[in-house]
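# Tertiary structure, described
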Amino acid sequence: MTDEDNKPGDGLALQEAKPALKRPNMYRVLLINDDYTPMDFVIMLLQSVFRKDHNTATQIMMHVHTKGVGVCGVFTREVAETKVRQVMDLSQQGQHPLQCEMEPDILNN
Ligand code: TYC
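Notes on the structure follow. (Residues numbered from 1 in each chain as written. Predicted model: local features only at pLDDT ≥ 70, side-chain atom pairs only at ≥ 80, totals over all residues. Heavy atoms only, no water.)

### A few points about the site of the ligand
Rule in force here: Being near a molecule or strand, for a residue, comes down to having at least one heavy atom within 4 Å of it. Side-chain atoms alone can form a polar contact between residues adjacent in sequence; in general such a contact is a pair of N or O atoms within 3.5 Å, and within protein one must be able to donate a hydrogen while the other accepts it. Computed with a 1.4 Å probe, the accessible areas rest on the Shrake-Rupley method; for each residue, only the protein chains presented here act as cover. Cavities and pockets were defined on a 1 Å grid built from protein atoms only: a cavity is a group of points that admits a 1.4 Å probe but offers it no way out, a pocket is an open group of points flanked by protein on both sides within 12 Å along at least five of seven lines, and a lining residue is one with an atom within 4 Å of any such point. To decide whether a molecule occupies a pocket or cavity, check its atoms: if more than half lie within 2 Å of the grid points, it is inside. Going along the chain from the N terminus, every DSSP run of H or I of four or more residues is numbered as a helix, and every run of E of two or more is numbered as a strand. Only Asp, Glu, Lys and Arg are considered charged in this grouping, and only Ala, Val, Leu, Ile, Met, Phe, Trp, Tyr, Cys and Pro are considered nonpolar; every other residue, Gly among them, is considered polar.
As a structural note, the neighbourhood of the ligand is formed by Leu31, Ile32, Asn33, Asp34, Thr37, Met39, Val42, Met61, Val64, His65 and Leu98. The side chain of His65 places a nitrogen or oxygen atom 2.9 Å from a nitrogen atom of the ligand. Protein burial of the ligand: of its 340 Å² of free accessible surface, 89% is covered by the chains. Here the ligand occupies the largest pocket. The leading source of residues in the shell around the ligand is helix α2 (residues 54-67), at three residues. Considered class by class, the residues forming the shell around the ligand number seven nonpolar, three polar and one charged.

Have a look at this one:
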């Protein structure tokens, strides 16, 4: 194989040498407001799933309650997916209509 076969930009030869320094894509986990989920349940969930203290959890819950949507945290894709699933599982177990979503955190991607 000649140098020409592995010149920069062909995506082959330099792949091994490329430093693995790129930051991972990040995702915002969002809570959506509704009229039925109890405030205490949302606070409990923010403490257990997102490791917030009671004051911070209360602030985030009130933000969602008044603005309609709020960010619970920013995570890598797999962690964000796990958080969303945990929220939806707890929400379903408690028979609450609480909704949780994730979206790309463009500034970090
Ligand atoms: N709006 C709800 C209430 O008045 C509280 C609530 C907050 C529900 C945040 C969902 O994501 C939510 N009980």
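Read on, since the account is not over.
### Considering the sheet that holds strand β2 (residues 69-76)
Strands in a sheet are paired, the pairing made by backbone hydrogen bonds, and the direction either parallel or antiparallel. The test is simple: Strand pairing is assigned whenever DSSP identifies at least 2 bridges connecting the two strands. Axis definition: a line fitted to C-alpha atoms, limited for helices to the stretch in contact. Angles are taken between N-to-C directions and run from 0 to 180 degrees. Residue contacts follow a heavy-atom distance rule, with two residues in contact if any of their heavy atoms lie within 4.5 Å.
The sheet built from three strands is open, its strands ordered β2-β1-β3 with antiparallel pairing. The strands lining the two open edges of the sheet, one partner per strand, are β2 and β3 (99-104). Taking the axes of each pair of neighbouring strands and ignoring which way they run, one obtains an average angle of 25° across the sheet. Contacting β1 (26-32) and β2, α2 runs over the sheet at an angle of about 130° to β2. Set on the sheet, helix α3 (residues 77-93) makes contact with β1, β2 and β3; between it and β3 the angle comes to about 165°.

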